[in-house]
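Spelled out from the first residue to the last, the chains are:
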Amino acid sequence: MSLFAMIEGAPRRTEGLPSRVIMEIVNKGAVCMLDEEGLLRSLLAGSAKEWPDHFARFFQEVRPHVAVTFAEEHGISRMKLVQAYESMKAATDLRSHAFEQALRGEFVFTS
């Protein structure tokens, strides 16, 4: 089963989706591996500077509701998550229309 299929059928809460699956997605194809603690620390800081490619995979390849729930379950506010997303966009010139659409109405995204 592909990682995408696992995410697609995941329940709204990440308890049914092991953190290791999220981290496999985040680290897919990476030379340097980011651990869960490092991802959470960077999300909490609202900065993708150290791990822009990993953040790009987190925001583009993890389903938006799973990314938001994962962050919230670890005490990271939506505002911090949006700051991290904006930092990823600035660092990589990439964006996730699905993530933006999921949060549209709550936050304003820069172009």
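Residues numbered from 1 in each chain as written. Predicted model: local features only at pLDDT ≥ 70, side-chain atom pairs only at ≥ 80, totals over all residues. Heavy atoms only, no water.

A. How the structure looks around the overall build of the protein. When you go through the protein residue by residue, the secondary structure sums to seven helices and zero strands. When the elements of the protein are put in sequence order from the N terminus, they spell out α-α-α-α-α-α-α. Of all 111 residues assigned to the protein, the portion counted as buried reaches 45%. Relative to all contacts within the protein whose residues are 6 or more apart in sequence, the contacts with residues 24 or more apart total 60%. Of the accessible surface of the protein, which amounts to about 6,100 Å², a share of 53% is contributed by carbon and sulfur atoms. (Helix = DSSP H or I, 4+ residues; strand = E, 2+ residues; numbered from the N terminus. Buried < 20%, exposed > 50% of the residue type's maximum accessible area, 1.4 Å probe, protein only. Contact = heavy atoms within 4.5 Å. Areas by Shrake-Rupley, 256 points an atom, 1.4 Å probe, with all protein chains shown as cover.)

B. Just the packing of aromatic side chains, in detail. Inspection of the entire model under this criterion finds six aromatic pairs. Between phenylalanine 59 and phenylalanine 99, the aromatic rings sit 4.9 Å apart at their centres with planes inclined by 65°, giving edge-to-face as the arrangement. Remark: phenylalanine 99 occurs in helix H7 (residues 97-103) and phenylalanine 59 occurs in helix H4 (residues 52-61); sequence separation between them is 40 residues. Pairwise contacts between aromatic rings join Phe55, Phe58, Phe59, Phe70, Tyr85 and Phe99 into one cluster. (Phe/Tyr/Trp six-rings, centres within 6.5 Å; stacked < 30°, edge-to-face > 60°.)

C. Here's a closer look at the side chain of serine 87. Within the secondary structure, serine 87 is located in helix H6 (residues 78-92). Setting aside residues no more than four positions away along its own chain, serine 87 makes contact with Gly46, Ser47, Ala48 and Lys49.

D. Just unusual backbone geometry, in detail. Unusually for a residue other than glycine, aspartate 93 sits at a positive phi of about 60°. Summarising the element assignment, aspartate 93 is placed in the loop between H6 and H7.

E. Structural context of the nonpolar core. The biggest cluster of nonpolar side chains holds 27 residues, and the ones touching the most others in it are Leu39, Leu43, Phe55, Phe58, Phe59 and Leu81. Listing elements by their share of this core, those giving two or more residues are helix H2 (19-27), helix H3 (36-45), H4, helix H5 (64-73), H6 and H7. Ignoring sequence-local partners within four residues, the contact set of phenylalanine 58 consists of Ile22, Val26, Leu39, Leu43, Ala67, Phe70 and Leu81. (Core = buried A, V, L, I, M, F, W, Y, C linked by side-chain atoms within 4.5 Å.)

F. Quick look at the environment of lysine 89. Within the element layout of this structure, lysine 89 appears in helix H6. Taking the C-alpha atoms as reference points, lysine 89 and alanine 56, 33 residues apart in sequence, are found 8.0 Å from one another.

G. Representation of the pattern of salt bridges within the structure. All chains considered together, the criterion is met by seven salt bridges. Here glutamate 24 makes a salt bridge to arginine 20, at a shortest N to O gap of 3.3 Å. Note that glutamate 24 and arginine 20 are positioned in helix H2 at a spacing of four residues, about one turn of the helix. The shortest N-O distance in the salt bridge between arginine 41 and glutamate 37 comes to 3.1 Å. Of this pair, arginine 41 and glutamate 37 both sit in helix H3, separated by four residues, roughly a single helical turn. Residue classification places glutamate 37 among the exposed positions, given a relative accessible area of 55%. Through salt bridges with shared partners, a single network forms among Glu86, Lys89, Arg95 and Glu100. (Salt bridge = Lys/Arg side-chain N within 4 Å of Asp/Glu carboxyl O.)

Just distances and angles here, no functional claims.
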